[in-house]
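# Chain and residue survey
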Amino acid sequence: PYYQYSPVGADWTFSSGSGISRNEIQWAFTPVDPPEGNQNAFLQGATSIEQAVSGLEIGAIYSVRWAHMNRTGGASLGVNDLTVELIDPAASVLTVFSDDYVDETDWQYVTSAPFIATSEEYTLRFRTTNPVGGDDSTLIDDVSLDVASPMATNTSEFSAAFAAGPLIEAPA
């Protein structure tokens, strides 16, 4: 199939209601190709996707960058929300982005609020709560963690390593 809920074998962990879709299908009801490759993550209803990130430099300033859009078309489809969070090893949650109404009908790049790394590793989570109910979905693609202000000169390795891997690659 050209979409898969909760795929295994991907670098990301998908909760129930989230998964991968390819641009060749009408699941997204959009003729707009994802900005990176031919697949994107979808968060349908209240769900989340997350990935462990490591190699951050404590004290450096980072931001998260991604593209998102609303799943368009269909009589019952509405808009969903989106929250982007970083969870440190002590389970403290830092919200770096929140939008109650993701209504873009084309891919839009977004950059989170900057944050100062207090840990070398985090879990990066994209979460939706589907506040109005119904068949509402947010699509995500081309995620990167960017160094806004390094503390030392060698911080590009982490950013390049994280950005080099595609957000989503469906298992064969």
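Above this note sits the structure.
None of the values given here were measured: they were computed from a predicted structure.

### Re the pairing of strand β6 (residues 61-70)
Along β6, 8 of the 10 residues are buried, which leaves the element largely enclosed by surrounding structure. Bridge analysis of β6 against strand β10 (residues 115-116) gives 2 bridges, and the strand direction is antiparallel. Note that in β10 the partner of Y62 across the bridge is F115.

### Some thoughts on the sheet that holds strand β7 (residues 80-87)
Strand pairing in a sheet relies on backbone hydrogen bonds. The paired strands run either parallel or antiparallel. Reading across the sheet, the 5 strands line up as β2-β5-β11-β7-β8 and stay open at both edges, with antiparallel pairing between neighbours. Where the open sheet ends on each side, the last strands, each with one partner, are β2 (13-14) and β8 (93-102). Summarising the sheet, β7 and β8 pair through 7 bridges and their orientation is antiparallel. Along β8, the bridge assignment pairs E85 with T95.

### Some words on unusual backbone geometry
The backbone phi angle of N130 is positive, close to 50°, even though this residue is not glycine. Judged by its relative accessible area of 13%, N130 is buried. In the Ramachandran plot, D142 falls in the positive-phi region, its phi being about 55° despite a non-glycine side chain. Here D142 shows up in strand β12 (residues 137-149).

### A look at the nonpolar core
Grouped together as the largest cluster of nonpolar side chains are 27 residues, with contacts concentrated most on V64, W66, V84, F115 and F126. Looking at this core, the elements with two or more residues in it are β4 (39-44), β5 (47-54), β6, β7, β8, β11 (121-128) and β12. Core analysis: the second largest hydrophobic core is formed by 5 residues, F42, A67, M69 and W107 among them.

### What to know about the environment of N38
Tracing the chain through its elements places N38 in the loop between β3 (18-22) and β4. When the C-alpha positions of N38 and R22 are compared, they lie 5.7 Å apart, and in sequence the two are 16 residues distant.

### Details of the packing of aromatic side chains
Summed over the entire model, instances satisfying the criterion amount to 7 aromatic pairs. With 6.0 Å between their ring centres and 90° between their planes, Y3 and Y5 make a pair best called edge-to-face. Residue Y3 is classed as partly exposed on the basis of its relative accessible area, which comes to 36%. On the numbers, 5.0 Å between centres and 80° between planes, the contact of W66 with F97 is edge-to-face. Placement of the pair is W66 in strand β6 and F97 in strand β8, with a sequence separation of 31 residues. With a relative accessible area of 16%, F97 lands in the buried category. Pairwise contacts between aromatic rings join W12, W66, F97 and F126 into one cluster.

Calculation rules
- Residues numbered from 1 in each chain as written.
- Predicted model: local features only at pLDDT ≥ 70, side-chain atom pairs only at ≥ 80, totals over all residues.
- Heavy atoms only, no water.
- Buried < 20%, exposed > 50% of the residue type's maximum accessible area, 1.4 Å probe, protein only.
- Helix = DSSP H or I, 4+ residues; strand = E, 2+ residues; numbered from the N terminus.
- Pairing = 2+ DSSP bridges.
- Core = buried A, V, L, I, M, F, W, Y, C linked by side-chain atoms within 4.5 Å.
- Phe/Tyr/Trp six-rings, centres within 6.5 Å; stacked < 30°, edge-to-face > 60°.

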